[in-house]
Amino acid sequence: MQLDQVKVRASEEISAAKSTKELYTAKLNVQAMLKDVMSGMRNLSKEERPAFGKIVNEFKQKLEEEIAAREAVLKAQELEQKYASERVDVTMPGKKYVEGNLHPITLVRNQLIDIFAGMGFQVFEGPETETEYHNFTALNTSPDHPSRDMQDTFYLTQDLNLLLRTQTSAGQIRVMKNQRPPIKILSPGRVFRPDDDATHSPMFHQMEGLVVDKGITLCDLKGMLEEFASKMFTSATKVRLRPSYFPFTEPSVEVDLSCFVCEGKGCRLCKGTGWIEVLGSGMVNRHVLENCGVDPDEYSGFAFGMGIERIAMLKYGVNNIKNFYENDVRFLKQFKD
Ligand code: DAH
């Protein structure tokens, strides 16, 4: 290739390069062309060579300047593009990370477990599908007791042998049949009854407690309830035991707490009475101990059962039990710890 031709082609290649990468290729092509020109020196006479060499060298220098200038332009362009593509709009709204929280029933369940675990209770979770024996018979419930009615219990089989447990008290039987006293257990879980209104749901949660040992009295029960009331509500909360009836306890008591809103003066929550009913309890009926192979002359015990929804409704001022099951985030997110 002639030098004149190379001059034209080299300039074309350099100015046609659209990026530093393309310019690098152009540079290699130009070098190859120059090599070609240099090899033509062989055909020149000795005298002609120095002058030709000088011309080529000057041309080489000019080319290098041209390449450097083009490179500067391309580099600036590329930097400009990079900045444009990486531009961040700091005024755009950020992506919010929504943090969840525990369901209020889980929250109250955990609080209850914490309080009772602090008093040495262990957790036992019984099955939700129970036998008629564990749910009723072993708990000293007579064959004609109204809680056994079809209207009050979800039966699973025609022979009425299997049912959805109506109370966590069924867990008492399973524990006492499996474990020798001393027994100190807490049994939380779902229970089922055909009830449906603002304060009742066909499925709700209970927390059962059972203590069996030598020399257990109603005083132990009251002391434990006072500890529970002050931890769950306020330290000023008082406990009142009212005589009641449950087939599996004798004597049986209904437990009221002094109203933690008005402190006993009377308000809407306690319906002007100053007291709020929170749970059922009593000394374990000797027939129940016998049914489980525990000698009632050697051992005694107390049991209690409370509705977790009821405690949560009281504590957080919720007036419709259905709020717990509708999964409306506007309701649920109010229970962040
Ligand atoms: N099982 C009862 C209910 O569902 C609550 C209850 C009352 C549990 C007295 C007990 C108890 O352990 O001693 O209404």
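Keep in mind that this is a model prediction, so the values were computed, not measured.

Section: the overall build of the protein
Argument step 1. Within the protein, the secondary structure is distributed over 10 helices and 9 strands.
Argument step 2. Seen through its principal axes, the protein has C-alpha atoms that stretch 135 × 45 × 40 Å.
Argument step 3. Here the protein holds 337 residues, and the buried ones make up 39% of them.
Argument step 4. Here the contacts in the protein between residues at least 6 apart in sequence split such that 66% fall between residues at least 24 apart.
Argument step 5. Distance between charge centroids for the protein: 7 Å, based on 43 positive and 47 negative side chains.

Things to note about the confidence of the model for the protein
Argument step 1. On average, residues of the protein carry a pLDDT of 93, and 99% of them reach 70 or more.
Argument step 2. In the model of the protein, helix H1 (residues 3–16) stands out as the element of lowest mean pLDDT, 88, in contrast to helix H8 (residues 286–291), which has the highest, 98.

Digging into the pattern of salt bridges
Argument step 1. Enumeration over the complete set of coordinates arrives at 16 salt bridges.
Argument step 2. A salt bridge links Arg 190 to Glu 128, with the shortest nitrogen-to-oxygen separation between them at 3.1 Å. With a gap of 62 residues between them, Arg 190 in strand S4 (residues 183–192) and Glu 128 in the loop between strand S1 (122–123) and strand S2 (129–131) connect regions that are remote in the sequence.
Argument step 3. Its salt-bridge partner being Arg 174, residue Glu 130 comes within 2.7 Å of it at the nearest N-O pair. Here Glu 130 is found in strand S2, whereas its partner Arg 174 is found in helix H6 (residues 170–178), with 44 residues between them in sequence.

A few points about the site of the ligand
Argument step 1. By nearness alone, 15 residues border the ligand, and Gln 167, Ser 169, Arg 193, Gln 206 and Glu 208 come closest of all.
Argument step 2. One of the side-chain nitrogen or oxygen atoms of Gln 206 is found 2.9 Å away from an oxygen atom of the ligand.
Argument step 3. At a separation of 3.2 Å, an oxygen atom of the ligand approaches a polar backbone atom of Ala 303.
Argument step 4. Sorting the residues of the shell around the ligand by element identifies strand S5 (203–213), strand S8 (275–284) and strand S9 (300–307) as the ones contributing at least two each.
Argument step 5. Residue classes in the shell around the ligand are distributed as 4 nonpolar, 9 polar and 2 charged.

About the cut-offs
- Residues numbered from 1 in each chain as written.
- Predicted model: local features only at pLDDT ≥ 70, side-chain atom pairs only at ≥ 80, totals over all residues.
- Heavy atoms only, no water.
- Helix = DSSP H or I, 4+ residues; strand = E, 2+ residues; numbered from the N terminus.
- Buried < 20%, exposed > 50% of the residue type's maximum accessible area, 1.4 Å probe, protein only.
- Contact = heavy atoms within 4.5 Å.
- Lys, Arg positive; Asp, Glu negative; His and termini not counted.
- Charge placed at Lys NZ, Arg CZ, Asp CG, Glu CD.
- pLDDT = per-residue confidence, 0-100.
- Salt bridge = Lys/Arg side-chain N within 4 Å of Asp/Glu carboxyl O.
- Near = heavy atom within 4 Å.
- Polar contact = N/O pair within 3.5 Å; in protein donor to acceptor, adjacent residues only side chain to side chain.
- Nonpolar A, V, L, I, M, F, W, Y, C, P; charged D, E, K, R; others polar.

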